[in-house]
Amino acid sequence: MALLNRTVGVVRLSRHSKRADDPSTSPDRQRNVIKSDRSLHLVGWAEDLGVSAAKIPPWERPGLSEWLRRPEDWDTLAFWKLDRLVRSVGDFAEMVKWARGKPNNTGLPPVDKPKNLVSITDKIDLNSPMGRAMAGMIAVFAELEADIIQERVNDARAEMYASGRWPGGRYPYGYKPVQRAEGGWELQVVPEEKDIILQFVALGIAGKPFFPLQMKLEEAGVPTPKGGKTWRNVNVGSMMRSRALLGEYTFKSINGEDGIPVDPVRAEPLISVHEFNQLQEALAGNPKRVRETGVSLLNSVAYCAFCGEPMYHRTMKESIKKSGGRRKGYRYYGCGGQWSRRNDCKVKAVRGEWVEEAVAEIILSHIGDLEIMRKQRIGGVSHAAEIAELEAALEDLIARTEGKGPAVLKAYQKRIDAVEAKLEALAAIPEREPEVRLVSTGLTYADAWNSSDTDIRREILQDAELTVFMANPHEGREFHAVKQGWKNLELTEGNRYMVELEPSDTQGFHCWLIWTGDMAQRLQAKMKSS
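In this text, all values refer to a predicted model and were calculated from it rather than measured experimentally. (Residues numbered from 1 in each chain as written. Predicted model: local features only at pLDDT ≥ 70, side-chain atom pairs only at ≥ 80, totals over all residues. Heavy atoms only, no water.)

Undergrad: How would you summarise the pattern of salt bridges if you had to cite specific residues and measurements?
TA: According to the stated counting rule, one finds 13 salt bridges in the structure shown. The partner of Glu 94 in a salt bridge is Lys 97, with the nearest N and O atoms 3.2 Å apart. Linking Glu 94 with Lys 97, this pair stays in helix H3 (residues 89-99), spanning 3 residues, or about one helical turn. Residues joined in a network through salt bridges with shared partners are Arg 6, Asp 75 and Lys 113. (Salt bridge = Lys/Arg side-chain N within 4 Å of Asp/Glu carboxyl O. Helix = DSSP H or I, 4+ residues; strand = E, 2+ residues; numbered from the N terminus.)

Written as C-alpha cells, this is what we have:
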C-alpha cells in the first residue's frame, strides 16, 4: 500500500448491534485496526455511533459529514471494513464518483483533488483498478447483508406478534410488560391506570371535555403516560382514538407468510368493542357551538313595537331612597332607539320578568312536547390513505431494485410481494360513506327550557327564528313595527303565525310573537343540519 498523506479514520457502530462493547465491531477495535496500518498519517476521526449505514448515507451522518464538507483538510478516508462506510451499492457508487471528482448526487462540495477510500481488512484501495473493482463487489454483498438483517428483524417481530409476545419498545398507557413463564414478554393491565382510562372514556362518550380531569390528575400528582407531571400537555384525544384500548397493536412493516400485516390482540382489552365504537362516534361528532354568554334572554329576538329598534336589557339594582326607604331592584327592556337617541320613540320600558314569562309560555305551548334529538355520526370505512401509503412504499422498493444484481433482487422481492398482497387485500374491502343519524336524548324542549340557563334558552328562541315585538300602551300611536314585521313575512315561504297578548293578559304591556312556517319542523331541521 502506497504511503498515504492526511488520513481521517472512519468509525461507525450500527444501531443493529446488540451491545455497544461488542469486541467484533466496537469503536475501540475499529480504531486499533486503522491505527495498525503504519502507512497512514491520521489527522482526525469521523465517529458515528448508533447510526445505520443501510438507512443513512455517509454524507448525512453527523460525524463523517463534517469531514466530507472539508475535503481540503484530508486526502484519504480509512475504515476497518467497507460496511463501516456504506451498506448500499448506490451510496458507494456516489462516494466513489465524489472522491474521483465526477458528477454525483451527494450534495457535497467538490473535491480539490481526487480522494482515496481505503478499507484495511478488505484490502480496498481506490488508487488501483483492482481495488475499485473489488470495492464494488464487496458493496453489493454489504447491501445484501443489510437487507437480510432487516428481514431477520421483521421475521422475529412477526413471530412474536403471532405468538402474543411483546417485542419491546414503548408500551401504551394502561399496560406494563411482564415476563412470561415460557419465555419472552407480554403486556399486563395496570389497574390504577385502567381506572384513569375508564374515566376519560366515560367523559368522551358523554361528550364532555377531558381537561378538568387532566387538571385533577395533575393536582393529585398522578404521573402522565410518559412519567411526567404535566397532564395538561397530554394528548388524551389521541389516546382515546387508539385501538390500544382494545389491546391491539399494529406494526405496518411486519407481514405474515400471506403478506398481510400481523395485527393480533396482544393483551387484555381495557374497554369492550361496543364501548370503543361508542367513544369513536362521540369523538367524531360536531364540535360544540360557541355560545354567547352574559346577555339577556331576548337579545336579538325582541324589538320595539313602535319604531322597530332592538329592545335592550338593563338591570336596576336595589338602592336606598332619599326618604330612607328601599327601592327594589328589577330588570327591564327598553327601546334601543330611544336610549341611543337615534329617534324620538317615547315607549316606556317593560319589566323583564313579565315579558320573558309571556314568551316562555307561548314558545313552550308550541314546542314544549317536542323531543330533542342528538346527531350521531357513524364513521365510514375507507382505506384510501393506507393504500396511498403502500403504493408509495411499493414504488420506493421497486426503485431500490433498479440496476441491482440477482441477489439484491431476490432479497427485495419478498417485501414487494408482501406489499402487493396487502394492496390487493385492501382493495377488496368495500368502502362505506360516513353516516349521520338522529338519536333520542330522552328530553323534550320543555325539559331543556326548565333545566337550562339563559344562554341555552336564548339559543332555542333563535333556532325557532322567533321575533318578539313589545311596548307599553301609548295612546295615539300605531304599532308600525309590528305591522311591517308581519308584512315582511309575506316574502317568506310557509304560513305566517302571530300571537298577540293584550295588556290585560300581560300585566299592562302589549306583546306580539310572530314567526313563519312550522316551528317544530324548523327545530327538527336545525337538529339535522347542525
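There is more to say after this.
Undergrad: Give a description of the packing of aromatic side chains that names residues and reports values.
TA: Under the definition given, this model contains 5 aromatic pairs. Between Phe 200 and Phe 210, the aromatic rings sit 5.8 Å apart at their centres with planes inclined by 80°, giving edge-to-face as the arrangement. Of this pair, Phe 200 sits in helix H5 (residues 191-205) while Phe 210 is found in the loop between H5 and helix H6 (211-219), placing the two residues 10 residues apart along the sequence. For the pair Phe 200 and Phe 210, one class covers both residues: buried. Three or more aromatic residues joined by ring pairs make a cluster, and in this case those are Tyr 173, Phe 200, Phe 210 and Trp 231. A cation over an aromatic ring shows up here: Lys 115 above the ring of Trp 74, its NZ or CZ 5.3 Å from the ring centre. (Phe/Tyr/Trp six-rings, centres within 6.5 Å; stacked < 30°, edge-to-face > 60°. Buried < 20%, exposed > 50% of the residue type's maximum accessible area, 1.4 Å probe, protein only. Lys NZ or Arg CZ within 6 Å of the ring centre and 35° of its normal.)

Undergrad: Describe the side chain of Thr 7, with residues and values.
TA: Among the structural elements, Thr 7 can be located in strand E1 (residues 6-13). Of the residues examined, Thr 7 reaches a relative accessible area of 0% and is grouped as buried.

Undergrad: Which residues make up the nonpolar core, and what are the values?
TA: Counting residues in each nonpolar core, the largest one holds 41 residues, and the members touching the most others are Leu 298, Leu 461, Leu 466 and Leu 513. Secondary structure elements with two or more residues in this core: strand E8 (302-304), strand E12 (330-335), helix H10 (352-367), helix H13 (445-451), helix H14 (454-463), strand E16 (467-471), strand E18 (510-516) and helix H16 (519-529). Here this core gets 6 residues from one element, more than from any other, and that element is H10. If sequence neighbours within four positions are ignored, Leu 298 has contacts with Tyr 333, Val 355, Glu 356, Val 359, Leu 461 and Met 470. With 24 residues, the next largest nonpolar core counts Tyr 175, Met 239, Ile 271 and Phe 276 among its residues. (Core = buried A, V, L, I, M, F, W, Y, C linked by side-chain atoms within 4.5 Å. Contact = heavy atoms within 4.5 Å.)

Undergrad: Describe the state of the cysteines, with residues and values.
TA: Should the sulfur atoms of two cysteines be covalently bonded, the bond is a disulfide. What the rule picks out here adds up to 0 disulfides. The thiol of Cys 304 is not disulfide-bonded; the next cysteine sulfur, from Cys 345, is found 3.7 Å away. (Disulfide = S-S within 2.5 Å.)

Undergrad: Account for H14, with residues named and values stated.
TA: Residues of H14 that are buried: Asp 455, Arg 458, Glu 459, Ile 460, Leu 461 and Asp 463. In the segment just after H14, Glu 465 is the residue with positive phi, at about 55°.

Undergrad: Could you give me a rundown of the pairing of E1, with the residues and numbers involved?
TA: Along E1, 7 of the 8 residues are buried, which leaves the element largely enclosed by surrounding structure. Across 8 bridges, E1 lies against strand E2 (residues 41-49) in parallel orientation. For Val 11, the partnering residue across the bridge sits in E2 and is Glu 47. Pairing of E1 with strand E3 (residues 76-79) involves 4 bridges; the strand directions are parallel. What sits directly across from Thr 7, in E3, is Thr 76. (Pairing = 2+ DSSP bridges.)

Undergrad: Report on helix H8 (residues 273-283), specifying residues and quantitative values.
TA: When H8 is considered as a whole, its buried residues turn out to be Phe 276, Leu 279 and Leu 283. Projection of H8 onto a plane perpendicular to its axis shows the buried side chains occupying an angular sector of 65°, all on one side. Among the exposed residues of H8, those pointing more than 90 degrees away from its buried face are Val 273 and His 274. Buried residues along H8 sit in contact with H5 and helix H7 (236-241). (Arc of directions from axis to C-beta.)

Undergrad: Describe the sheet that holds strand E4 (residues 116-119), and please don't skip the residues or the numbers.
TA: An order of E2-E1-E3-E4-E5 is seen for the 5 strands of this open sheet, with the pairing classed as mixed. The sheet is open, and its two borders are formed by E2 and strand E5 (124-125), each paired with just one other strand. Sheet strands in contact with helix H1 (residues 27-35) are E1, E2 and E3, and its direction is about 155° off that of E1. (Axes fitted to C-alpha atoms, helices over the stretch in contact; angles between N-to-C directions.)

Undergrad: So what about the environment of Thr 7? Which residues, and what values?
TA: Along the primary structure Thr 7 and Asn 116 are separated by 109 residues, whereas in three dimensions their C-alpha atoms are 9.3 Å apart. Setting aside residues up to four positions removed in sequence, Thr 7 forms contacts with Leu 40, His 41, Leu 42, Val 43, Gly 44, Thr 76 and Ala 78.

Undergrad: How would you summarise the sheet that holds E12 if you had to cite specific residues and measurements?
TA: The sheet built from 3 strands is open, its strands ordered E9-E12-E13 with antiparallel pairing. Each having just a single partner strand, strand E9 (311-316) and strand E13 (350-351) make up the two edges of the open sheet. Pairing analysis gives 2 bridges linking E12 to E13, with the strands arranged antiparallel. Residue pairing across strands places Tyr 332 opposite Arg 351, the latter belonging to E13.

Undergrad: Tell me about the environment of Gln 280, and name the residues and values.
TA: Residue position: Gln 280 is located in helix H8. Along the primary structure Gln 280 and Ser 242 are separated by 38 residues, whereas in three dimensions their C-alpha atoms are 9.6 Å apart. Those residues in contact with Gln 280, other than ones at most four positions away along the chain, are Met 240 and Arg 241.

Undergrad: Report on the packing of H5 against H6, specifying residues and quantitative values.
TA: Look at H5 against H6: their axes get within 10 Å of each other, and the N-to-C directions meet at 155°. Here H6 runs roughly antiparallel to H5, going by the angle between their axes. Crossing geometry of H5 relative to H6 is assigned as right-handed. Where H5 abuts H6, its residues Ile 196, Gln 199, Phe 200 and Leu 203 lie against Leu 213, Gln 214 and Leu 217. Among the residues forming the contact of H5 with H6, the class breakdown is 5 nonpolar, 2 polar and no charged. (Parallel < 35°, antiparallel > 145°, perpendicular 65-115°, else oblique. Left-handed = near helix turned anticlockwise from the far one by under 90°. Nonpolar A, V, L, I, M, F, W, Y, C, P; charged D, E, K, R; others polar.)

Undergrad: Account for the packing of helix H11 (residues 384-401) against helix H12 (residues 406-427), naming residues and giving values.
TA: Two elements in contact, H11 and H12, have axes whose closest approach is 10 Å; the angle formed by their N-to-C orientations is 160°. Here H12 runs roughly antiparallel to H11, going by the angle between their axes. In this structure, H11 crosses over H12, and the sense of that crossing is left-handed. Residues Glu 386, Ile 387, Leu 390, Glu 391, Leu 394, Leu 397, Ile 398, Arg 400 and Thr 401 of H11 form the contact with H12, whose own contacting residues are Leu 409, Tyr 412, Arg 415, Ile 416, Val 419, Glu 420, Lys 422, Leu 423, Leu 426 and Ala 427. Tallied by class, residues from the contact of H11 with H12 come to 12 nonpolar, 1 polar and 6 charged.

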